[in-house]
Amino acid sequence: MKFDDNIPIYLQIKNYLYHQIITGDLQPGQKLPSIRQLAVQVTANANTVQRSLSEMVAEKVIESQRGKGNFVTLDTDLIQRLKQRLVNEQLAIAYDQLHSLNLNDEEIITEFKKFLNNRGAKDE
């Protein structure tokens, strides 16, 4: 995993795991790799990985079972809310950046539609 120096590593690991859960690479109820395995997988310190997992347990995105490991929550509503939160965060970033270019809301929508149309044409 390539890390951004401007964002704490434990947050980047959380976002990586969120992405895995939201995209279905990690299914509800699925066991996560061990802390050491995750540390090797993301090339980070095991303590940093533990901090990420601890926060995710506090958020109830994953559940820790003593002696068995960590598991993705079975609460699909919570996963859906997590997805919506992450989408809103990304949209807020894009919105703020476009506003800083002096685009109003209508112009942002127009540009986004043009972007989608152009992107769709590339996929065909």
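Structural data are supplied above this passage.
Residues numbered from 1 in each chain as written. Predicted model: local features only at pLDDT ≥ 70, side-chain atom pairs only at ≥ 80, totals over all residues. Heavy atoms only, no water.

Turning our attention to the overall build of the protein chain. For the protein chain, the count of helices and strands is five helices and two strands. The N-to-C order of helical and strand elements in the protein chain reads α-α-α-β-β-α-α. Relative to the globule expectation of 14 Å for 124 residues, the C-alpha radius of gyration of the protein chain, 18 Å, shows a markedly less compact shape. Judged by the C-alpha coordinates and their principal axes, the protein chain covers about 55 × 30 × 30 Å. Here the protein chain holds 124 residues, and 24% of them are scored as buried. Look at the contacts in the protein chain between residues 6 or more apart in sequence, and 52% of them connect residues 24 or more apart. Counting every atom, the protein chain has about 8900 Å² of accessible surface; 51% of that belongs to carbon and sulfur. A gap of 10 Å separates the mean positions of the 15 positive and 16 negative side-chain charges of the protein chain. (Helix = DSSP H or I, 4+ residues; strand = E, 2+ residues; numbered from the N terminus. Rg over C-alpha atoms; globule rule 2.2 N^0.38 Å. Buried < 20%, exposed > 50% of the residue type's maximum accessible area, 1.4 Å probe, protein only. Contact = heavy atoms within 4.5 Å. Areas by Shrake-Rupley, 256 points an atom, 1.4 Å probe, with all protein chains shown as cover. Lys, Arg positive; Asp, Glu negative; His and termini not counted. Charge placed at Lys NZ, Arg CZ, Asp CG, Glu CD.)

Among the nonpolar cores identified, the biggest contains 20 residues, and Ile21, Val49 and Val61 are the most heavily contacted of them. Once residues lying within four places of it in the same chain are set aside, the contact partners of Val61 are Tyr18, Ile21, Met56, Phe71, Val72, Thr73, Leu78 and Leu82. (Core = buried A, V, L, I, M, F, W, Y, C linked by side-chain atoms within 4.5 Å.)

Per the stated rule, a full pass over the model turns up one aromatic pair. Between Phe112 and Phe115 the ring centres are 6.3 Å apart and the planes differ by 25°, which places this aromatic pair in the stacked class. Of the two residues, Phe112 and Phe115 both sit in helix H5 (residues 105-123), three residues apart, roughly one turn of that helix. Owing to a relative accessible area of 44%, Phe115 belongs among the partly exposed residues under this scheme. Its guanidinium or amino end placed over the ring of Tyr10, Arg51 lies 3.7 Å from that ring's centre, counting from NZ or CZ. (Phe/Tyr/Trp six-rings, centres within 6.5 Å; stacked < 30°, edge-to-face > 60°. Lys NZ or Arg CZ within 6 Å of the ring centre and 35° of its normal.)

Those residues of helix H2 (residues 35-42) that sit buried are Leu38, Ala39 and Val42. The buried residues of H2 occupy an angular sector of 105° when projected down its axis, which confines them to one face. Looking at H2, the residues exposed on the side facing more than 90 degrees away from the buried face are Arg36 and Val40. For H2, the secondary structure elements touched by its buried residues are helix H1 (9-22) and helix H3 (46-58). (Arc of directions from axis to C-beta.)

What follows deals with the pairing of strand S1 (residues 62-65). In terms of strand pairing, S1 meets strand S2 (residues 69-72) through four bridges, oriented antiparallel. Residue Ile62 lies in a different strand from S2, and its bridge partner there is Val72. Joining the antiparallel neighbours S1 and S2 is a turn of three residues, in which Gly67 adopts a positive phi near 80°. (Pairing = 2+ DSSP bridges.)

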